[in-house]
Amino acid sequence: IQKIEQKDIYFVDKYALSYKHLNGEEQIALNKRLIAYAKEETEKSYLIDLYNGVYVLSDALGEKQSDNKLYLDSAFLYVNEASNKLSIGKLYYTIGNYYWDQKEEELSHQFYRKSLAVCDGERGGELVMLNALYRIAISYLWRQDAVSLKQCIDEMLDLAHKEKGPEAYITSFPVVSAYYRT
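Below is a summary of the structure that appears in this document.

Procedures and definitions
Residues numbered from 1 in each chain as written. Predicted model: local features only at pLDDT ≥ 70, side-chain atom pairs only at ≥ 80, totals over all residues. Heavy atoms only, no water. Core = buried A, V, L, I, M, F, W, Y, C linked by side-chain atoms within 4.5 Å. Buried < 20%, exposed > 50% of the residue type's maximum accessible area, 1.4 Å probe, protein only. Helix = DSSP H or I, 4+ residues; strand = E, 2+ residues; numbered from the N terminus. Contact = heavy atoms within 4.5 Å. Axes fitted to C-alpha atoms, helices over the stretch in contact; angles between N-to-C directions. Parallel < 35°, antiparallel > 145°, perpendicular 65-115°, else oblique. Left-handed = near helix turned anticlockwise from the far one by under 90°. Nonpolar A, V, L, I, M, F, W, Y, C, P; charged D, E, K, R; others polar. Salt bridge = Lys/Arg side-chain N within 4 Å of Asp/Glu carboxyl O. Patch = residues over 30% accessible without salt bridge, like charges linked within 9 Å, V, L, I, M, F, W, Y side chains within 5 Å. Areas by Shrake-Rupley, 256 points an atom, 1.4 Å probe, with all protein chains shown as cover. Lys, Arg positive; Asp, Glu negative; His and termini not counted. Charge placed at Lys NZ, Arg CZ, Asp CG, Glu CD.

1. Observations concerning the nonpolar core
Then, number 1: Counting 26 residues, the largest nonpolar core has Ile 48, Tyr 51, Ile 88 and Leu 91 as its most contacted members.
Then, number 2: Among the secondary structure elements, those contributing two or more residues to this core are helix 3 (24-38), helix 4 (45-60), helix 5 (65-76), helix 6 (85-101) and helix 7 (105-119).
Then, number 3: When residues of this core are assigned to their parent elements, the largest contribution, seven residues, is made by helix 4.
Then, number 4: Among the nonpolar cores identified, the runner-up in size contains 25 residues, and Leu 86, Leu 130, Leu 133 and Ala 168 belong to it.

2. Regarding the environment of Leu 127
Then, number 1: In this structure, Leu 127 sits in helix 8 (residues 125-143).
Then, number 2: Here the alpha-carbon distance between Leu 127 and Gly 165, two residues 38 residues apart in the chain, equals 9.5 Å.
Then, number 3: With sequence-adjacent residues up to four places away left out, Leu 127 is seen in contact with Glu 163, Glu 167 and Ala 168.

3. Digging into the packing of helix 4 against helix 6
Then, number 1: It is the contact of helix 4 with helix 6, at a shortest axis distance of 9 Å, that shows an interaxial angle of 30°. Viewed along their axes, helix 4 and helix 6 adopt a mutual orientation that is roughly parallel. The handedness of the crossing between helix 4 and helix 6 is left-handed. Mapping the contact onto sequence places Ser 45, Ile 48, Asp 49, Asn 52, Tyr 55, Val 56 and Asp 59 in helix 4 and Ser 87, Ile 88, Lys 90, Leu 91, Thr 94, Tyr 98 and Asp 101 in helix 6.
Then, number 2: Its residues placed into classes, the contact of helix 4 with helix 6 shows six nonpolar, four polar and four charged.

4. Notes on the environment of Asp 101
Then, number 1: Counting through the fold element by element, Asp 101 comes out in helix 6.
Then, number 2: Separated by 36 residues in sequence, Asp 101 and Gln 65 place their C-alpha atoms 9.0 Å apart.
Then, number 3: Setting aside anything within four residues of it in sequence, one finds Asp 101 in contact with Asp 59, Gln 65 and Arg 135.

5. Some thoughts on the environment of Val 54
Then, number 1: Structurally, Val 54 is set in helix 4.
Then, number 2: Note on Val 54: relative accessible area 0%, which makes it buried.
Then, number 3: On a C-alpha basis, the gap between Val 54 and Leu 72 in space is 8.9 Å, while along the polypeptide they are 18 residues apart.
Then, number 4: Other than its neighbours up to four places away in sequence, Val 54 contacts Ile 28, Asn 31, Lys 32, Ile 35 and Tyr 71.

6. With respect to the pattern of salt bridges
Then, number 1: Scanning the entire structure with this criterion turns up three salt bridges.
Then, number 2: Asp 73 is the salt-bridge partner of Lys 69, the closest N and O atoms lying 2.6 Å from each other. Of this pair, Lys 69 and Asp 73 both sit in helix 5, four residues apart, which is roughly one turn of that helix.
Then, number 3: We note a salt bridge from Arg 143 to Glu 105, for which the minimum N-O separation is 2.5 Å. In this pair, Arg 143 sits in helix 8 while Glu 105 sits in helix 7, placing the two residues 38 residues apart along the sequence.

7. Points about a negative patch on the surface
Then, number 1: Residues Glu 25, Glu 26, Glu 63 and Asp 67 make up a contiguous surface patch of negative charge.
Then, number 2: Here Glu 26 is to be found in helix 3.
Then, number 3: For Glu 26, a relative accessible area of 39% puts it in the partly exposed group.

In structure tokens, the structure reads:
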């Protein structure tokens, strides 16, 4: 934390500190401090990532979602000023998760679809897209909508083949296997 207060360090170097291995509370405190500096930057993707990060970490630590939704709302304010589509796609995915947890399926799907649209073709966007498709597929599985589920699975498998990493297949496997068991 003391390092980010130093005036002779560029913001990008301060921002890189947010990726150091810290425990959840330390990471949240660091991100909150960095937000003040990020507001002075012309690239607003940093703000989106920091606000989104505070929300995700706070949620993972079991803090009340309604208290932390302010971070998602704050990040959302900068969507039109940000140039990094992956940051925007991750934010949409996180907002989708928020509405998923609130049992607002239609809103969650809207944000998952926005995430898919923004991340499509972006380097590194495949895993965000797979996670969004996973959540959508789970909804179709619960509703026993086999046609929509199959379309979703086909999209997931196409992305997994492009990504070629183990995480892509690990994300896809539960839904694909559930589909073929039914």
